[in-house]
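Overview (structure and organization)
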Amino acid sequence: MEGSAIRLHDLRKSFGGTTAVAGVDLEIRDGEFFSMLGPSGSGKTTVLRMIAGFESPTAGRIELAGQDVTRRAPFERDVHTVFQDYALFPHMTVEQNVAYGLKIRKVPRAERLVRARKALAEVRLDGYGGRRPAQLSGGQRQRVALARALVGRPRVLLLDEPLGALDLKLREQMQVELKALQREVGITFVFVTHDQEEALTMSDRIAVFHQGRIEQVGTPAEIYERPATPFVASFVGTSNLLAGEAAHRVVGAPGTYSIRPEKIRVLKESADADEPEHATAAGTVAEVVYLGDATRFLVDLDAGGRLTALQQNLETSSEDVAAYRGTRVRLQWHRRHAVEVPTTG
Amino acid sequence: MTLVEAQPAGPAAPAGAVRRLAGALHRRPRLQLTLLLAAPLLWLAVLYLGSLTVLFVSAFWTTDSFTSEVVKVWSTDNFHELFTTPVYRQVVLRSIGVALAVTVLCVVIAFPVAFYTARVARPKWRPLLVVAILTPLWASYLVKVYAWRLILSEGGPADWLLKPLGLSGPGYGLPATVLTLTYLWLPYMILPVHTALEQLPDNLLDASADLGARPGRTFRSVVVPMVLPAVAAGSIFTFSLSLGDYITVQIVGGKTQLIGNLVYSNFELNLPMAAALGTVPVVVIVVYLLAMRRTGALSSL
């Protein structure tokens, strides 16, 4: 399990005059489910394509299992890719697609078939081998792409926003399946996504990308609870930053603080909560967003700034939350949940 | 009073009629379709299929050998003669051979050209290159064939170019015919192959490399099979255009005869025989189309 599957040293890539990747250092461990999270244009896909070998870096080094592969062609690297739009060969059957990599490696025909069928069974597509990709649904194509990339048992599997084209229900289902599959086969997965929830649910570790750089690397809990930069705090989860004068007044010390919405309780203004470990702030409810299972309160603080608080609809009757709009409330949270976010520059 | 009332009705009336007609047609989509297609269908049925039928029917008539009058008596003599006379058989086979040779040459030349124009050349040059490939189609067929006659003439540019190598040009004859026809129909092959290569998704090539395939392997296993329907589509043009040609062969073919020449020479004296000869390429092309349908070429036309 230990040891590094991928190591990137000061990786850079520019296209013409624009810099897509501006110096990335990263170590991905063996057997890890690693996510590269970031908005579009943050360089995460370019990094993935450089690991696969489709793009060659402008500068820097890529190591796979300790070997420098920076100048190697894609077909000389022990990684397989699941493409965003699947990239299945339309002129081949599902089985031929899955067996393609094995055929190139001159695996005997009989073994090829057995392994292709087994891989299709792994992604719960047994019996679909004879069909053409065009005859499958999006979710099924997704699984074929997965089976095709996994059948050769690469050292690393690269996934480029593979769930992006699926609808919500299917996406949630595939998230669970992907994670289970990764645990089962024990291959390092490098998963590119712009969906923070997806990254949080599936990953062992996450790297948050922003403008061609990595802002933070850590476990989902670290990223979520202790964002290292204002960008991470706002990109992962709901942006809830207190800064400047408001921060000074509410928290009691200068700096920029992130408080996750679900950590904040909405109390009546009259409620007094003088427990020393809690901080409070008074304000007016500016907006109430009813989410079904929960309600989101946007509160303008008297001290300045606005905080979002998320309340499960446990006791509040779902129907009368709208009545809170415009009322005075007191927000309360545990002091340790106001996390200071280092600002640079 | 009356004027005031009439005014809004005046311009509204024709618009109302058109509107009512449009409404009626909208409610009866079949009637709309019938009206829309009536003229082209009539054209197709009468002029196109009609003349084809006349061709087939007259192929079964005969000619009085003294008066050259057409005798409208049902007989299969023409076809019998066609299949038993060695000369006819030879010409038919030669024509098919020429059409196949032209098609193969077109594929061999078109593939690298189209690969360059669709995938290698800078994107901003691609439309220009396509235009350059299509430009010869604007020039007259005859001019181009006569140009080749000049090129291939004795002591002409072909001879002159090949002389340093100790060779001479092919002169007029069968090779010259194949060469000229290949030149004439090449754009019809390049264009579909170019389009297919251009539409080939990059990520399929990436995926193939990702799974361990070297470029040569990717070319054989992904590019060629995906472009094959386009090649077949192009071959329908090159094959049928070559099979029906009789002018090029007259100009650069020397004494070579193809089906078209036999049709032409029988035209005056023995129209039924010409018709019988004329059905041969039609049948060959129908067979060819049926064969091409299996490759999916017809759906990519």
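From a predicted model like this one, the values you see are computed outputs, not experimental measurements. (Residues numbered from 1 in each chain as written. Chains lettered and ligands numbered in written order. Predicted model: local features only at pLDDT ≥ 70, side-chain atom pairs only at ≥ 80, totals over all residues.)

What about the overall build of chain B?
Stated precisely, the cut-off is as follows: Under the DSSP-based scheme used, a helix requires at least four consecutive residues in state H or I and a strand at least two consecutive residues in state E, with every element numbered from the N terminus. Radius of gyration here uses only the C-alpha atoms, and the compact-globule reference equals 2.2 Å multiplied by the residue count raised to the power 0.38. To sort residues by exposure, count the other C-beta atoms lying within 10 Å of each residue's C-beta; 20 or more gives buried, 12 or fewer gives exposed, and values between give partly exposed, all with C-beta atoms placed from the backbone. It is the C-beta atoms, placed from the backbone, that decide contacts: two residues are in contact if theirs lie within 7 Å.
In terms of regular secondary structure, chain B is built from 13 helices and two strands. Taken over the C-alpha trace, chain B has a radius of gyration of 27 Å; the compact-globule value for 301 residues is 19 Å, which it surpasses by more than 25%. If you line up chain B on its principal axes, its C-alpha atoms span 100 × 75 × 40 Å. For chain B, buried positions account for 31% of its 301 residues. A separation threshold of at least 6 residues defines the contact pool for chain B, and within that pool the share at least 24 residues apart is 69%.

Let's talk about the overall build of chain A
Broken down by element type, chain A carries nine helices and 18 strands. Across the 345 residues that make up chain A, the buried fraction comes to 39%. Pairs at least 24 residues apart make up 64% of the contacts formed inside chain A by residues separated by at least 6 positions.

Notes on the interface of chain B and chain A
Applied cut-off: Basically, the charged four are Asp, Glu, Lys and Arg, the nonpolar ten are Ala, Val, Leu, Ile, Met, Phe, Trp, Tyr, Cys and Pro, and anything else, Gly included, counts as polar.
Each partner contributes to the interface: chain B provides 15 residues, whereas chain A provides 16 residues. Classifying every residue of the side of chain B that touches chain A by side-chain character gives nine nonpolar, two polar and four charged.

Notes on the UniProt feature "transmembrane region" (unreviewed entry) in chain B
Residue and element names in this part refer to chain B. This is how the line gets drawn: UniProt positions are given in the numbering used here, feature names are shortened, and annotations may be inferred rather than shown by experiment.
In the numbering used here, UniProt assigns the feature "transmembrane region" (unreviewed entry) to residues 35-61, 91-116, 128-152, 172-191, 222-243 and 271-291. As a span, residues 128-152 carries 76% helix and 0% strand, and end to end its C-alpha atoms are 30 Å apart. Helix makes up 90% of residues 172-191 and strand makes up 0%, while its end C-alpha atoms are separated by 29 Å.

A closer look at the UniProt feature "domain: ABC transporter" (unreviewed entry) in chain A
The sites that UniProt annotates as "domain: ABC transporter" (unreviewed entry) are residues 6-236 of chain A. Along residues 6-236 of chain A the backbone is 36% helical and 27% strand, and the end-to-end C-alpha distance reaches 24 Å.

Remarks on the environment of Q216 of chain A
All names here are of chain A. Tracing the backbone through its elements, the reader meets Q216 in strand β10 (residues 213-218). As for Q216 and P227, which are separated by 11 residues in sequence, their C-alpha atoms are 7.6 Å apart. If near-sequence neighbours (up to four positions away) are discounted, Q216 is found in contact with V208, I223, P227, A228, T229 and V232.

Observations regarding the packing of helix α2 (residues 29-58) of chain B against helix α13 (residues 271-293) of chain B
Residues and elements named next belong to chain B. Worth spelling out the cut-off: To obtain each axis, a line is fitted to C-alpha atoms, and for helices this fit is confined to the stretch in contact; angles are then taken between N-to-C directions over 0 to 180 degrees. An angle below 35 degrees is treated as roughly parallel, one above 145 as roughly antiparallel, one from 65 to 115 as roughly perpendicular, and anything else as oblique. It is the rotation of the near helix from the far one that decides the hand of a crossing: anticlockwise by less than a right angle makes it left-handed, clockwise makes it right-handed.
Where α2 contacts α13, the two axes come as close as 7 Å, and the packing angle between them is 115°. For the element pair α2 / α13, the angle class is roughly perpendicular. The crossing of α2 and α13 is left-handed. On the side of α2, the interface is formed by L55, F56 and S58, while α13 contributes L271, P272, A275, G278 and T279. Taken together, the residues that form the contact of α2 with α13 break down as five nonpolar, three polar and no charged.

Focus: the UniProt feature "domain: ABC transmembrane type-1" (unreviewed entry) in chain B
Within this numbering scheme, the UniProt entry marks residues 92-292 of chain B as carrying the feature "domain: ABC transmembrane type-1" (unreviewed entry). Taken end to end, residues 92-292 of chain B comprises 78% helix and 0% strand; its first and last C-alpha atoms sit 21 Å apart.

Brief notes about the sheet that holds strand β1 (residues 4-15) of chain A
All names here are of chain A. The following threshold applies: At least two DSSP bridges between two strands are required for those strands to pair.
Judged by pairing direction, the sheet is antiparallel, and its four strands sit side by side in the order β2-β1-β4-β5 without closing on themselves. Edge positions in the sheet fall to β2 (18-29) and β5 (67-68), since each has one partner strand and no second. Along the sheet, helix α1 (residues 44-52) contacts β1, β2 and β4 (59-64); its crossing angle with β1, the most-contacted strand, is approximately 115°.

Focus: the packing of helix α10 (residues 215-244) of chain B against α13 of chain B
Residue and element names in this part refer to chain B. The N-to-C vectors of α10 and α13 enclose an angle of 170°; their axes lie 11 Å apart at closest approach. In terms of orientation, α10 lies roughly antiparallel with respect to α13. Residues A232, I236, F239, S240, L243 and G244 of α10 form the contact with α13, whose participating residues are P281, V284, I285, Y288, L289 and M292.

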